[in-house]
Amino acid sequence: MKFTKASPLKGEITIPGDKSVSHRSVMFGSIAKGTTEIRHFLQGADCLSTISCFQKMGISIEINGDTVTVKGNGLHGLKKPETILDCGNSGTTTRLISGILAAQDFDVTLTGDESIKKRPMKRIMEPLSLMGADIRSISDNGCAPLAITGRPLHGIHYTSKVASAQVKSSILLAGLYAEGETKVTEPYISRNHSEIMLKYFGADVKTEGTTACISPAKELYGNKIEVPGDISSAAFFIAAGLMVPGSEILIKHVGINPTRDGILSVCRNMGANLTLLNENTDSGEPTADVLVKSSNLHGVTIEGAIVPRLIDELPMIAAMACFAEGETIIKDAAELKVKESNRIEVMVRNLSAMGADVQETDDGMIIRGGKPLHGALIDSKLDHRIAMTFAVTGLCAEGETEISGAECVNISYPGFYHDLQSLNK
């Protein structure tokens, strides 16, 4: 894909459903009793991997447009799959499903693409093993493929070294089946979609400070889920609206869960003209329409507790900082190194190729804004967040920006390029 400098971006857009909520709605619906109807489901490759895994374990799942119907078989209704479960590129699928599979009465192997086979799985293997699970890395390197033999589990109080919703959710899902109470304490609060939705399905979940606690469940019950728009996808349009002079974009029905809305806080701190309209909490997850207008931005420091609230948005924030006045410092973001790519290294290399003044650090980067950027050949490393970041950045740079591996956006946002182009009239 190739991008050149854009005229002002104008219009309104409805972004696809939240990836985190879409994954969980299928998983929880599959182990619930009765039917779960999911509207505004994200038809991205990652979420389709989750559907495929549960279909292979005997769950009837029908897709009709962006509505998905899951006919759950109850907590103990999964069947041993006849084949290896392929999680594709999805870390969420791999880690969360491991918590469910650890307690089943069958054995199973999980695998994924080359990216998944490099991503760290010890972070779930350790706590699940402490609960009595039999889970091992087949290559003995702490990564997928994983061999899981279901066993009876017992509750633990686990103190996680990282603030990770995937780690926390994996443990809580195992806790549904465990004897006694299961608790997870994090250094900071990570996304709480699992806690909200598990409670909605009938689980006994409590949170206090940075600790989430779950009691074993007799049954979960099917429900209706309205998936909010994914704020991680909205971030690219928020940034585009701020960065491209003269722009005004209305992004409809965006999830603004307080454990996910760090991008809004950072943008405001940078001086963004950003307004929330039609705020709503009817479906359990808070939503709003986001009105964004082009703004003169200034540098900020991003560190500490806010980082887990915007970890997937940091690549776009780093690019946005190139167009801000002064210095932006990103700290405490070492987790970026173990995403679909090493996002610190990839962002620094590609931004530098466009002429940015950016410096890599052990746990983030330092960006000195204000230098004009020019087009370059961008290697996305097949990372959807990187490809989308540089599509937006290319709209603000002189000359032509070409993105290799651009099709990787299908992982989370198949219509991204079309939607971006629709605003560039």
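What counts and how
- Residues numbered from 1 in each chain as written.
- Predicted model: local features only at pLDDT ≥ 70, side-chain atom pairs only at ≥ 80, totals over all residues.
- Heavy atoms only, no water.
- Pairing = 2+ DSSP bridges.
- Helix = DSSP H or I, 4+ residues; strand = E, 2+ residues; numbered from the N terminus.
- Contact = heavy atoms within 4.5 Å.
- Phe/Tyr/Trp six-rings, centres within 6.5 Å; stacked < 30°, edge-to-face > 60°.
- Buried < 20%, exposed > 50% of the residue type's maximum accessible area, 1.4 Å probe, protein only.
- Core = buried A, V, L, I, M, F, W, Y, C linked by side-chain atoms within 4.5 Å.
- Disulfide = S-S within 2.5 Å.
- 1 Å grid on protein atoms, 1.4 Å probe; cavity = no way out; pocket = protein on both sides within 12 Å on 5 of 7 lines; lining within 4 Å.
- Points joined across faces, edges and corners; volume = space filled by probe spheres on them.
- Nonpolar A, V, L, I, M, F, W, Y, C, P; charged D, E, K, R; others polar.

Student: Mind showing me how you'd approach the sheet that holds strand E18 (residues 301–302) here?
Tutor: Within a sheet, each strand pairs with its neighbour through backbone hydrogen bonds, oriented either parallel or antiparallel. Spatially, four strands are ordered E18-E19-E21-E20 in an open sheet, and the strand pairing comes out mixed. Unpaired on one side and paired on the other, E18 and strand E20 (357–361) mark the two borders of the sheet.

Student: Could you clarify how one ought to interpret the side chain of Lys19 in this entry?
Tutor: Residue placement: Lys19 occurs in helix H1 (residues 19–30). In this structure, Lys19 is in contact with Leu42, Asp46, Cys47, Asp230, His384, Arg385, Ile411 and Ser412, ignoring residues within four places of it in sequence.

Student: I'm lost on the packing of aromatic side chains in this one. Help?
Tutor: For any pair of aromatic rings, the description consists of the separation of the ring centres together with the inter-plane angle of the planes. Scanning the entire structure with this criterion turns up seven aromatic pairs. Note on Phe416 and Tyr417: the rings are 5.5 Å apart at their centroids and 65° apart in plane angle, and the pair reads as edge-to-face. Owing to a relative accessible area of 13%, Tyr417 belongs among the buried residues under this scheme. By way of ring pairs, the aromatic residues Phe3, Phe236, Phe237, Tyr413, Phe416 and Tyr417 are connected into one cluster.

Student: I keep staring at the nonpolar core and nothing clicks. Help me out?
Tutor: Among soluble globular proteins, nonpolar side chains are generally buried collectively. Ile238, Ile251, Ile302, Leu314 and Phe416 are the most contacted members of the largest nonpolar core, which totals 81 residues. When residues in this core are grouped by element, the largest group, 10 residues, is from helix H7 (residues 231–243). With 65 residues, the next largest nonpolar core counts Val26, Leu153, Ile156 and Leu176 among its residues.

Student: Could you clarify how one ought to interpret the state of the cysteines in this entry?
Tutor: Linking two cysteines covalently through their sulfur atoms gives a disulfide. Within this structure, the stated rule accounts for zero disulfides. In this structure Cys143 is a free cysteine whose sulfur lies 14 Å from that of Cys87, the closest cysteine sulfur available. Since its relative accessible area comes to 8%, Cys143 is described here as buried.

Student: I'm lost on the sheet that holds strand E1 (residues 2–3) in this one. Help?
Tutor: If you walk across this open sheet you meet the three strands as E1-E23-E22, and the pairing is mixed. Every other strand in the sheet has two partners, leaving E1 and strand E22 (377–379) as the edge strands with one partner each. Summarising the sheet, E22 and strand E23 (residues 401–404) pair through three bridges and their orientation is parallel. Across the sheet, Leu377 pairs through a bridge with Glu402, a residue of E23.

Student: So what exactly am I meant to see when it comes to empty space enclosed by the protein here?
Tutor: Empty space among the atoms becomes apparent when a probe as large as a water molecule is rolled across them. For the structure shown, the criterion picks out two cavities of 30 Å³ or more. Computed from the structure, the largest cavity encloses a volume of approximately 100 Å³. In terms of lining, the largest cavity is formed by Val21, His193, Ile196, Met197, Tyr200, Lys224, Ile225, Glu226, Pro228, Ser283, Gly284 and Glu285. Quantified by volume, the second largest cavity comes out at close to 40 Å³. Counted by class, the lining of the second largest cavity contains two nonpolar, three polar and three charged residues.

Student: Could you clarify how one ought to interpret the layout of surface pockets in this entry?
Tutor: Of the pockets and cavities examined, the largest pocket occupies roughly 620 Å³. Mapped onto the lining of the largest pocket, the elements with two or more residues apiece are H1, helix H3 (91–101), helix H5 (165–177) and helix H11 (384–394). A total of four residues in the lining of the largest pocket trace back to one element, the largest contributor, which is H1. A breakdown of the residues in the lining of the largest pocket according to their chemical character gives 11 nonpolar, 10 polar and 17 charged. Space inside the second largest pocket adds up to approximately 320 Å³. Along the walls of the second largest pocket sit 17 residues, with Glu114, Ser115, Lys118, Glu340 and Lys381 positioned nearest its centre. Class assignment for the residues of the lining of the second largest pocket results in five nonpolar, four polar and eight charged.

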